[in-house]
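# A look at the structure
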2 protein chains.
Amino acid sequence: MSSPVLPLDPAGIQLDPRQGLARQLYQALRERILDGRLSSRLRLPASRDLAHALGVSRNTVVRAYDQLYAEGYIEGRTGDGTYVAARTTAAAVQSPLVASCALPSQLSQRLQAHHLSERPDGPPRAFRVGVPAFDLFPFATWARLQANFWRNPPLARLGYAEAAGDPQLRELIAAYLRNSRGLVCDPGQIIVTSGAQQAISLCAQLLVEVGDPVAVENPGYRAAGLAFAVAGARLQGIAVDRDGLDTAQLAALKGCRLAYVTPSHQYPTGITLSLARRLELLEWAEREQAWIVEDDYDGEYRYSGTPLAPLAALDRAGRVLYVGTFSKIAFPGLRLGYLVVPPPLAQAFARLRGVAVRHSESGTQAVMAEFIAAGHFQRHIRRMRRAARSRRDALLRGWPLDLAGCQAMPAVEAGLHVSVRVEGLARERELIARAAAVGVEINPLSDYWLADSSEAPERRAGLVLGFAGVDEVQIAQALRALRKAWAD
Amino acid sequence: MSSPVLPLDPAGIQLDPRQGLARQLYQALRERILDGRLSSRLRLPASRDLAHALGVSRNTVVRAYDQLYAEGYIEGRTGDGTYVAARTTAAAVQSPLVASCALPSQLSQRLQAHHLSERPDGPPRAFRVGVPAFDLFPFATWARLQANFWRNPPLARLGYAEAAGDPQLRELIAAYLRNSRGLVCDPGQIIVTSGAQQAISLCAQLLVEVGDPVAVENPGYRAAGLAFAVAGARLQGIAVDRDGLDTAQLAALKGCRLAYVTPSHQYPTGITLSLARRLELLEWAEREQAWIVEDDYDGEYRYSGTPLAPLAALDRAGRVLYVGTFSKIAFPGLRLGYLVVPPPLAQAFARLRGVAVRHSESGTQAVMAEFIAAGHFQRHIRRMRRAARSRRDALLRGWPLDLAGCQAMPAVEAGLHVSVRVEGLARERELIARAAAVGVEINPLSDYWLADSSEAPERRAGLVLGFAGVDEVQIAQALRALRKAWAD
């Protein structure tokens, strides 16, 4: 058999036979994709051809390709081989930043590798993740409160204000946390933020030095991981089992002084961190003098069972920083969230926020304070919980029971989304592509894993579905379309 | 003469007779104040006693004390000697952060030394700096636009949106800059920010590595210097003369790749950067491959003469990042500003902003876009310019002509504040203390200098007066109160 012409030079790829071959090959290919030696949309050699050229088994090449596939570096076209993905090259190679070396700073280099999507969400549709039922927000009330505030605003509130946030709003947040989440704190511990993202980003900036290991759930919430990575952290993925974050694996990490967790409803698996694990996590933080950033993601949405106390309410050593947001009760575009930090940290957080943005918009803070003080907020939480439960039921009712290659839909006791495991990445891609073809948005679970996960790529597959963003009629329509699209 | 007992051990202070003695003594005392060896409110030895103990001239001690005084490390009580200031120790020594070493990160240590005031402004009063005539803002119109938006908002605009800002708002900002400032740019170069502060802070984070020298005007805008210092810059003060920033001094700096400037109306001196200097500055940036952060502070307020083109409009090499804000036309609490960056930098800035805060509040951006599109904004700028000019006139009319130890009030051709030079720091403090006693707010010019300025302390003195924040009647009242308080 004559060797085919390969689009990459196999002689340049040196594999050490004493190490994992698939992993080395994955790294060699990834490097060439990132630096542009393997350019966007280039067709890769068939696995058997590359295996032959490198003198390794075909299985080694298939495993390396699978990993690249799972991470979006390459993509398959049915019946037409494997190609370098377009978007990877667009971000990492064709960018004018890299081309011109315009910004050689370390931070901008980290931003090349780690950033959020630059595209806006567009109108809500089934089954977008991270979107509450904001079609139910009482906009008429909000419009009235806005108009009331602006018609005759107190001028003293429109100058430069406290970096930590409007004092009245912070009082009301403290009262809400005490009554609803069992978290007793002083308003002086509260820093109003531009959503949960700024809360996490401030933690990343103040608690992490470049090169520090930071423990994150794996799979986990990417936007949080990004904030830590952009601050220079080395992300250390910790497995999530039926009880939540694997605290034994965390304890075995050397030199790690910060863990980011979503205990109420793990993102994306939907697991609730057990009480035993909560206590182990707190013990770890006290023993290691480490920080826990507790993102109380979806904490307001619980449909059955007793909600567990947040870590911040159990913390006696002052090691927990609690992240809350109004986005999941009101709407994401509001950009209003908060941090509750141990008292000795409050000043540093307020100062960093002051230097970064001064403070949040005065009117929005004042109107939200009035919205809470007048009882609209608590009423709306109850309405949103009922709506989310009803939309969850619509999803469970219409979900195909016998979907090939899919595990059963799990019980959904909390939160605004659910993860369904799928057997293999190819099946995951196929189901999602067919859903997209009929206008239904589903996120691949494989997207939520860190690039260097030890978990085998085929065990990372699944479908992540948000169920709260649209109403029951649209959910039923989307499910009918899916059943047709998925019928083999 | 027997030696008096001194509250500090002079034997611990080693002065090298080959170096500047006053400077060494200043540094030794400052170090002891910062690390708590000289504690808050401690009375310092009289200058003649310390001079005797150290074997130096009394003039050396007086000069060191003057410098510490100018920087707020020590304070005088009339007829009662000199004391370590209370606030220095509160920030640097008594803080629970330092006490518990709760946050040993480098960033938090920088925040100990560099931060904005944590106290809100309170209601506007004469002669607060940095406040426009926001009592004239058309709140009824704003309330109507807010209510219109919120009564039936497009849901697609309330999800997660573009980090760089609302596309319609960016189009309108680009059109405004083209028509009003002669700055032609593409909306894709615009990043909406949380006021000028976030714009400057993003520049500091993306363009500065820890330890980099950054050139700032001296005296200059402190909040900008803080943002660079918190990002790890070594601030290099550049003198400001009658033509603005001394570009020869800038060119002599080794290894400096970033300059922050306020060309329209230098803060705080009120100088406009001459055209010749603008061109020299741009040549410097092109030659050194350096960045210029142009803060178009007060750029909308010009009362006579032709406005000069912003640096960003003259820039052909893509080295200028332009900072604008709505705070000085609307009100500071709005927290809406923008950056215009060279095209190759736009993506990195949008990405950093996305990771830091996602984006600005959707409603505020949409309402501001409508406010501009409907013509209210341009109308309001004209109204604000007329008001600021009339308030300036009220200040010039009522200002005491024969104030001892003060230079004449300069011509005020632009901006919202004016600086009056005073002969000596003692006189500056005296005038400001007497003004404060009758409820009139005046900022000391000496506060705007970098700590290690080569300018002699007595040449840094002056009064900085904002004239736009309150109306003509209140200005006249404040001036009457001042004339009485200042009459000797």
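## What about the overall build of chain A?
Secondary structure assignment for chain A yields 18 helices and 13 strands. Since a compact globule built from 488 residues should have a radius of gyration of about 23 Å, the 24 Å found for chain A is in line with a globular shape. Referenced to the eigenvectors of the C-alpha coordinate spread, the extents of chain A come out at roughly 80 × 50 × 45 Å. Of all 488 residues assigned to chain A, the portion counted as buried reaches 59%. Residue pairs at least 24 apart in sequence account for 72% of intrachain contacts in chain A once pairs closer than 6 positions are excluded. Summing over all exposed atoms, chain A offers an accessible surface of approximately 19400 Å²; the carbon and sulfur share of this is 49%. The positive charge centre, built from 56 side chains, and the negative charge centre, built from 48, are 3 Å apart in chain A.

## Structural notes on the packing of aromatic side chains
Tallied over the entire structure, the rule returns 38 aromatic pairs over all chains. An angle of 75 degrees between the planes, with centres 4.8 Å apart, marks the rings of Tyr267(A) and Tyr297(A) as edge-to-face. Here Tyr297(A) lies in the loop between strand E8 (291–295) and helix H13 (311–314) and Tyr267(A) lies in the loop between strand E7 (258–261) and helix H12 (275–288), a separation of 30 residues in the sequence. Classification of Tyr267(A) as buried rests on a relative accessible area of 7%. For the ring pair Phe137(B) and Phe139(B), a centre distance of 5.1 Å and an interplane angle of 65 degrees mean the geometry is edge-to-face. Across the pair, exposure class does not vary: Phe137(B) and Phe139(B) are buried alike. By way of ring pairs, the aromatic residues Phe137(A), Phe139(A), Trp142(A), Phe331(A), Phe371(A), Phe149(B) and Trp150(B) are connected into one cluster. Against the face of Tyr160(A) rests Arg358(A), its NZ or CZ located 4.1 Å from the ring centre.

## Focus: helix H8 (residues 167–181) of chain B
Residue and element names in this part refer to chain B. Under the 1.5 Å per step criterion, the end-to-end length of H8 is 20 Å for 15 residues, consistent within 8% with the ideal 21 Å. Regarding H8, the residues found buried are Leu169, Arg170, Leu172, Ile173, Ala174, Tyr176, Leu177 and Arg181. Its side-chain oxygen placed 3.1 Å from the backbone nitrogen of Gln168, Asp166 serves as the N-cap of H8. Just downstream of H8 lies Gly182, where phi reads positive at about 65 degrees.

## Brief notes about the relation of the copies chain B and chain A
For these two chains of identical sequence, chain B goes onto chain A by a turn of 180 degrees and a shift of 0.1 Å along the axis, with RMSD 0.2 Å. Here the two chains are linked by the operation of a two-fold rotation axis. Closest approach to the rotation axis among the C-alpha atoms of chain B is made by Ala147(B), whose C-alpha sits 2.8 Å away. Interface overlap between copies is the fraction of interface residues in one copy that are interface residues in the other; for chain B against chain A it reaches 100%, indicating a shared surface.

## With respect to the nonpolar core
Counting 181 residues, the largest nonpolar core has Trp399(A) and Trp399(B) as its most contacted members. The residues contacting Trp399(B), other than those within four sequence positions of it, are Met409(B), Val420(B), Leu463(B), Leu465(B), Leu479(B), Leu482(B) and Trp486(B). In this structure, Val216(A), Leu202(B), Leu226(B) and Ala348(B) belong to the second largest nonpolar core, which totals 102 residues.

## Section: empty space enclosed by the protein
A complete count under the given rule lists 9 cavities of 30 Å³ or more for this structure. There is about 210 Å³ of room inside the largest cavity. If you go around the largest cavity, you meet 22 residues; those closest to its centre are Ser194(A), Ser360(A), Glu361(A), Ser194(B) and Glu361(B). Listing elements by their share of the lining of the largest cavity, those giving two or more residues are helix H14 (346–357) of chain A together with helix H14 (343–357) of chain B. A per-class count over the lining of the largest cavity returns 6 nonpolar, 10 polar and 6 charged.

## Here's the deal with the packing of H14(A) against helix H9 (residues 195–207) of chain B
Interaxial distance between H14(A) and H9(B) falls to 5 Å at its minimum, and their mutual angle equals 95 degrees. Classed by the angle they form, the pair H14(A) and H9(B) counts as roughly perpendicular. Seen from H14(A), the contacting residues are Gly354(A), Val355(A), Ala356(A) and Val357(A); seen from H9(B), they are Gln197(B), Gln198(B) and Ser201(B). Taken together, the residues that form the contact of H14(A) with H9(B) break down as 3 nonpolar, 4 polar and no charged.

## Considering the domain arrangement of chain A
Residues and elements named next belong to chain A. Domain boundaries assigned for chain A yield domain 1 (10–91), domain 2 (108–116 + 138–375) and domain 3 (379–485). Put simply, the middle of domain 1 and the middle of domain 3, counted by C-alpha atoms, are 30 Å apart. Taken together, the contact pairs 8 residues of domain 1 with 8 residues of domain 3. With both chains or domains summed, domain 1 and domain 3 bury close to 720 Å², and 49% of this area falls on carbon and sulfur atoms.

## Points about the environment of Glu472(B)
Residues and elements named next belong to chain B. Relative to the helices and strands, Glu472 resides in helix H18 (residues 472–486). Looking at Glu472, the relative accessible area reads 26%, which means it is partly exposed. Separated by 81 residues in sequence, Glu472 and Arg391 place their C-alpha atoms 5.5 Å apart. Discounting residues that sit within four places of it in the chain, Glu472 has contacts with Ala387, Ser390, Arg391 and Ala394. Within the structure, Glu472 has its side chain in polar contact with the side chain of Ser390 (distance 2.4 Å).

What counts, and where the lines are drawn
- Residues numbered from 1 in each chain as written.
- Chains lettered and ligands numbered in written order.
- Predicted model: local features only at pLDDT ≥ 70, side-chain atom pairs only at ≥ 80, totals over all residues.
- Heavy atoms only, no water.
- Helix = DSSP H or I, 4+ residues; strand = E, 2+ residues; numbered from the N terminus.
- Rg over C-alpha atoms; globule rule 2.2 N^0.38 Å.
- Buried < 20%, exposed > 50% of the residue type's maximum accessible area, 1.4 Å probe, protein only.
- Contact = heavy atoms within 4.5 Å.
- Areas by Shrake-Rupley, 256 points an atom, 1.4 Å probe, with all protein chains shown as cover.
- Lys, Arg positive; Asp, Glu negative; His and termini not counted.
- Charge placed at Lys NZ, Arg CZ, Asp CG, Glu CD.
- Phe/Tyr/Trp six-rings, centres within 6.5 Å; stacked < 30°, edge-to-face > 60°.
- Lys NZ or Arg CZ within 6 Å of the ring centre and 35° of its normal.
- Expected span 1.5 Å × (residues − 1).
- Polar contact = N/O pair within 3.5 Å; in protein donor to acceptor, adjacent residues only side chain to side chain.
- Least-squares fit on C-alpha atoms with pLDDT ≥ 70 in both.
- Core = buried A, V, L, I, M, F, W, Y, C linked by side-chain atoms within 4.5 Å.
- 1 Å grid on protein atoms, 1.4 Å probe; cavity = no way out; pocket = protein on both sides within 12 Å on 5 of 7 lines; lining within 4 Å.
- Points joined across faces, edges and corners; volume = space filled by probe spheres on them.
- Nonpolar A, V, L, I, M, F, W, Y, C, P; charged D, E, K, R; others polar.
- Axes fitted to C-alpha atoms, helices over the stretch in contact; angles between N-to-C directions.
- Parallel < 35°, antiparallel > 145°, perpendicular 65-115°, else oblique.
- Domains from an automatic or database assignment.
- Buried area = accessible area lost by both parts, 1.4 Å probe.

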